[in-house]
Amino acid sequence: MTEPSGAQWCARFPTSTSLDDLVEPFRDRAKAFIAALKAAGAFVTVSATYRPAERAYLMHYACLVAGYRDTDGIHRQIAPAVAPAMAGVPIDWTCGGQDALAFQRAREMVAGYGIAYPAALVSRHTQRRAVDMTIHWPETLLVQDGNGVPRRAATQQDLWPIGASFGVHKLPSDPPHWSDDGH
């Protein structure tokens, strides 16, 4: 028995916000980086760590069915009937063969997930090797890097080499995303 796509799917298979759900050695590296940021006076909010494969599947195909403009300007979209099934996720992307409704429901899912960039089917999040976090601070920070060297940070970009010194690398195109290799 399948259930039509729609925003109700967004609450299922939740993404973790716990650093404990990351794999080693990235878990300890991310914890150390965040601890150094907080010790320097930064406020850090973790919004995503591990993303279950089922959630990644739902996010990925919601994007494809809803349609999106890729970074190269090309509009990407698939017919709802083309979206493959996934074991354990009884979703009906076609909404009973009603394409207009299926496209609308997929757009509702994209909005419900808060997707800003097309969602990957397999990512550092599904591999437990990424953290999405928002970092802010009231004035210039003096942060101890991974080698114990004090480094000044006045902008978000100033944090990138500091994070790298811990083994936590920034993906510049995705504002909250950090991972073990920058992807």
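Below, the structure is looked at part by part.

## A look at the pairing of strand 7 (residues 141-144)
Part 1 of the argument: Every second residue of strand 7 is oriented toward a common face, the buried set being Leu-141 and Val-143 and the non-buried set Leu-142 and Gln-144.
Part 2 of the argument: The hairpin formed by strand 7 and strand 8 (residues 150-153) contains five residues between the paired strands, and Gly-148 there has a positive phi angle of roughly 85°.

## Re the pattern of salt bridges
Part 1 of the argument: In this structure the tally under the stated criterion is seven salt bridges.
Part 2 of the argument: For Glu-3, the salt bridge is made with Arg-12, and the minimal N-O distance between the two is 3.0 Å.
Part 3 of the argument: Given the relative accessible area of 30%, Arg-12 is considered partly exposed.
Part 4 of the argument: Of the charged contacts, one joins Asp-145 and Arg-151 as a salt bridge, the two residues approaching to 3.1 Å between their closest N and O atoms.

## Describing the side chain of Thr-126
Part 1 of the argument: Following the sequence through the fold, Thr-126 ends up in the loop between helix 3 (99-113) and strand 6 (130-136).
Part 2 of the argument: A distance of 2.8 Å separates the side chain of Thr-126 from the backbone oxygen of Ser-123, its partner in a polar contact.

## A closer look at the layout of surface pockets
Part 1 of the argument: As a volume, the largest pocket reaches approximately 770 Å³.
Part 2 of the argument: Arg-51, Tyr-117, Pro-118, Ala-119 and Asp-174 are, among the 30 residues lining the largest pocket, the residues nearest its centre.
Part 3 of the argument: Sorting the residues of the lining of the largest pocket by element identifies strand 2 (43-48) and helix 2 (53-66) as the ones contributing at least two each.
Part 4 of the argument: In the lining of the largest pocket, the residues fall into 15 nonpolar, ten polar and five charged.

## Remarks on helix 3
Part 1 of the argument: Between its first and last C-alpha, helix 3 extends 21 Å over 15 residues, near the 21 Å set by a 1.5 Å rise per residue.
Part 2 of the argument: Within helix 3 the residues assigned to the buried category are Ala-102, Ala-106, Met-109, Val-110 and Tyr-113. In a view along the axis of helix 3, the buried residues occupy a sector of 100°, so they form one face of it. Residues of helix 3 that are exposed and point over 90 degrees away from its buried face: Ala-100, Ala-111 and Gly-112.
Part 3 of the argument: Two residues or fewer after helix 3 comes Gly-114, characterised by a positive phi angle close to 70°.

## A few points about the nonpolar core
Part 1 of the argument: Of all hydrophobic cores here, the largest spans 22 residues; its most connected members are Phe-33, Leu-37, Met-133, Ile-135, Leu-159 and Trp-178.
Part 2 of the argument: For this core, the secondary structure elements donating two or more residues are helix 1 (26-39), strand 6, strand 7 and helix 4 (156-166).
Part 3 of the argument: Sort the elements by how many residues they give to this core and helix 1 lands first, with six residues.
Part 4 of the argument: Trp-178 has contacts with Phe-26, Phe-33, Ala-130, Val-131, Met-133, Ile-135, Leu-159, Trp-160, Gly-163, Val-168, His-169 and Lys-170, leaving out every residue within four places of it along the chain.
Part 5 of the argument: If you look at the next biggest cluster of nonpolar residues, it comprises 21 residues, including Trp-9, Leu-58, Tyr-61 and Ala-106.

## As for helix 1
Part 1 of the argument: Taking 1.5 Å of rise per residue, the 14 residues of helix 1 would be expected to cover 20 Å, and the 20 Å separating its terminal C-alpha atoms lies within 8% of that figure.
Part 2 of the argument: Every buried residue of helix 1 is accounted for by Phe-26, Ala-30, Phe-33, Ile-34, Ala-36 and Leu-37. Considered in projection along helix 1, the buried side chains sweep an arc of 155° and stay on one side of the axis.
Part 3 of the argument: Those residues of helix 1 hidden inside the fold are in contact with strand 2, strand 6, strand 7, helix 4 and strand 10 (177-179).
Part 4 of the argument: Directly beyond the C-terminal end of helix 1, a positive phi value near 105° is found at Gly-41.

## Topic: the sheet that holds strand 9 (residues 169-170)
Sheet strands pair via backbone hydrogen bonds, and the direction of the pair is either parallel or antiparallel.
Part 1 of the argument: Spatially, four strands are ordered 2-6-10-9 in an open sheet, and the strand pairing comes out antiparallel. Here the strands that pair on one side only, and so sit at the sheet edges, are strand 2 and strand 9.
Part 2 of the argument: As paired strands, strand 9 and strand 10 are joined by two bridges and run antiparallel to one another. Residue pairing across strands places His-169 opposite Ser-179, the latter belonging to strand 10.
Part 3 of the argument: Across the sheet, helix 1 is in contact with strand 2, strand 6 and strand 10; its angle to strand 6 comes to roughly 0°.
Part 4 of the argument: Across the sheet, helix 4 touches strand 6, strand 9 and strand 10, and the angle it forms with strand 10 is around 15°.

Parameters and conventions
- Throughout this description, residue numbers start from 1 for each chain and increase along the sequence as written.
- Under the rules for a predicted model, residues below a pLDDT of 70 receive no local features and side-chain atom pairs below 80 are neither given nor counted, while totals for whole chains, interfaces and linings still include all residues.
- To get the side-chain values, take all heavy atoms of the structure and skip hydrogens and water.
- Note on classification: 1.4 Å probe, protein chains only; a residue is buried when its accessible area is under 20% of the maximum for its type, exposed when over 50%, partly exposed between these limits.
- Helix numbering and strand numbering both begin at the N terminus, where a helix is a DSSP run of H or I of at least 4 residues and a strand a DSSP run of E of at least 2.
- A pair of strands is labelled paired if DSSP reports no fewer than 2 bridges between them.
- Any carboxyl oxygen of Asp or Glu within 4 Å of a side-chain nitrogen of Lys or Arg constitutes a salt bridge here.
- By the criterion applied in these results, polar contacts are pairs of N or O atoms within 3.5 Å in which, for protein atoms, one can donate a hydrogen and the other can accept it, and in which residues neighboring in sequence qualify only through two side-chain atoms.
- Grid spacing is 1 Å over the protein atoms alone, the probe is 1.4 Å, and a cavity is where that probe fits but cannot get out, while a pocket is an open set with protein on both sides within 12 Å along at least five of seven lines and lining residues have an atom within 4 Å of a point.
- Grid points are joined across faces, edges and corners, and a volume is the space filled by probe spheres set on the points.
- By the convention adopted, Pro, Cys, Tyr, Trp, Phe, Met, Ile, Leu, Val and Ala count as nonpolar, Lys, Arg, Asp and Glu as charged, and the other residues, Gly among them, as polar.
- Multiplying one less than the number of residues by 1.5 Å gives the expected span of a helix.
- Note that the arc is defined by the directions from the helix axis to the C-beta atoms.
- Residues belong to one nonpolar core when they are buried, are Ala, Val, Leu, Ile, Met, Phe, Trp, Tyr or Cys, and are joined through side-chain atoms within 4.5 Å.
- Residue contacts follow a heavy-atom distance rule, with two residues in contact if any of their heavy atoms lie within 4.5 Å.
- All axes here are fitted lines through C-alpha atoms, helices being fitted over the stretch that makes contact, and every angle between N-to-C directions spans 0 to 180 degrees.

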